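# Secondary and tertiary structure notes
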Amino acid sequence: MQRLENKIALVTGAGQGIGQAMATQFAREGAEVYIADLDETNARTASEQIAEAGGSAHPLVADVTNPDDVAAMYEQIKSKSGHLNILVNNAGIHIRTDFRHADDETVDKVFDVNLRGVIRCAREGFDLLRASENGCIINLSSIMAENHVRQLSIYATTKGGVSSLSRALALEYAPYNIRVNYLLPGFIDTELTKRFTKNPVISKELIDRTPLRRFGTPDDVAKAALYLASDDAAFITGMGLTVDGGVSITV
Ligand SMILES: NC(=O)c1ccc[n+]([C@@H]2O[C@H](COP(=O)([O-])OP(=O)(O)OC[C@H]3O[C@@H](n4cnc5c(N)ncnc54)[C@H](O)[C@@H]3O)[C@@H](O)[C@H]2O)c1
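Bear in mind the structure is a predicted one, so any value in this text is a computation, not a measurement. (Residues numbered from 1 in each chain as written. Predicted model: local features only at pLDDT ≥ 70, side-chain atom pairs only at ≥ 80, totals over all residues.)

## Here we look at the site of the ligand
- Around the ligand, the structure places 29 residues, and the nearest of them are Gly13, Gly17, Gly92, Thr190 and Leu192.
- Secondary-structure elements contributing two or more residues to the shell around the ligand are α1 (17–28) and α4 (104–124).
- A class-by-class count of the residues in the shell around the ligand yields 11 nonpolar, 14 polar and four charged. (Near = placed C-beta within 6 Å. Helix = DSSP H or I, 4+ residues; strand = E, 2+ residues; numbered from the N terminus. Nonpolar A, V, L, I, M, F, W, Y, C, P; charged D, E, K, R; others polar.)

## Let's talk about the environment of Gly161
- Within the secondary structure layout, Gly161 lies in helix α6 (residues 153–173).
- Overall, the presence of 19 C-beta atoms within 10 Å leaves Gly161 in the partly exposed class. (Buried ≥ 20, exposed ≤ 12 C-beta atoms within 10 Å, placed from the backbone.)

## What to know about the sheet that holds strand β5 (residues 135–140)
- The strand order β3-β2-β1-β4-β5-β6-β7 describes an open sheet built from seven strands, whose pairing is parallel. Two strands close off the open sheet at either side, each with one partner strand: β3 (56–61) and β7 (240–243). Strand-to-strand twist of the sheet, defined as the mean angle between neighbouring strand axes without regard to direction, takes the value 20°.
- Pairing analysis gives four bridges linking strand β6 (residues 178–185) to β7, with the strands arranged parallel. What sits directly across from Tyr182, in β7, is Gly240.
- Running at roughly 165° to β6, α6 makes contact with β5, β6 and β7 of the sheet. (Pairing = 2+ DSSP bridges. Axes fitted to C-alpha atoms, helices over the stretch in contact; angles between N-to-C directions. Contact = placed C-beta atoms within 7 Å.)

## What to know about helix α3 (residues 67–81)
- The end-to-end C-alpha distance of α3, which contains 15 residues, comes to 21 Å, matching closely the 21 Å that a straight helix rising 1.5 Å per residue would cover.
- Residues of α3 that are buried: Val70, Met73, Tyr74 and Ile77. Around the axis of α3, the buried residues are gathered within 90° of arc, so they sit on the same side. Seen from the open side of α3, the exposed residues pointing more than 90 degrees away from its buried face are Asp68, Glu75, Ser79 and Lys80.
- On the buried face of α3, the contacting elements are β1 (8–12), β2 (32–37), β3, α4 and α5 (126–132).
- Just past α3, the residue Gly82 takes up positive phi, approximately 85°. (Expected span 1.5 Å × (residues − 1). Arc of directions from axis to C-beta.)

## Some remarks on the environment of Phe187
- Looking at the secondary structure, you find Phe187 in the loop between β6 and α7 (194–197).
- The spatial distance from the C-alpha of Phe187 to the C-alpha of Thr197 is 8.3 Å, given a sequence separation of 10 residues.
- The contacts of Phe187, once residues within four sequence positions are left out, are Thr193, Phe196, Leu206, Thr210, Phe215, Gly216 and Val247.

Treat this as a map of the structure, not an account of what it does.
What follows is the structure in structure tokens.
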């Protein structure tokens, strides 16, 4: 038996990177997956690749910062599937700036996607998750919520908010049998981090600091997400799972 058989899943920002890997992993384990992304081409390509491998996926073009898009996204899921078992709030952006130069526009942009987007999708998805009678939310936080590097203070603040929100929401959604957990990835090789991973000096420094001596892959995170999404984690809620090759345990 596949681990997500008969489950309906939605992954935001699933057109590439970690989101795409999670959607692919979920589909491989039998879930019907909605691939939501700003980028229509990537959402379609990711869905087609899943279908070619024998899975079931539907592309949805949705900007998590846009309330109309989020409402339309859930309307489509409601009409096609009637409920939702798994919501992964993965869409996120990264802005690197000295704190003293972070103007309001920059702060708003990062907060809108990384924090308000998560709040909006978790709130508006409630009815569909409750309708499944066995729902779960997985939010993408980051080790940056707790461990810091220079110039990522605004990003780190949003991820701290995602971790807190996940724990608080676990309490509020538990009576409806909706579990809420969060992932704290370390340095994962994706478009988001290519400024670090493709720079020979920075990448060497980061790998040297990582006990398992490599960058993580999107699949490393997807496998952790698969566990949290599956019934194997049926008694786990309000918890953060770190996927970082040990980097956050070092001094
Ligand atoms: N890569 C890492 O090292 C790392 C580490 C910790 C946490 N994370 C988190 O994991 C998540 C995924 O990161 P990634 O590395 O795969 O990034 P990525 O840039 O490769 O992919 C992000 C995806 O989100 C989509 N997106 C961006 N804004 C959106 C919006 N407003 N609405 C809908 N979709 C939107 C993009 O189009 C893209 O497809 C993010 O929340 C990120 O903060 C990543």
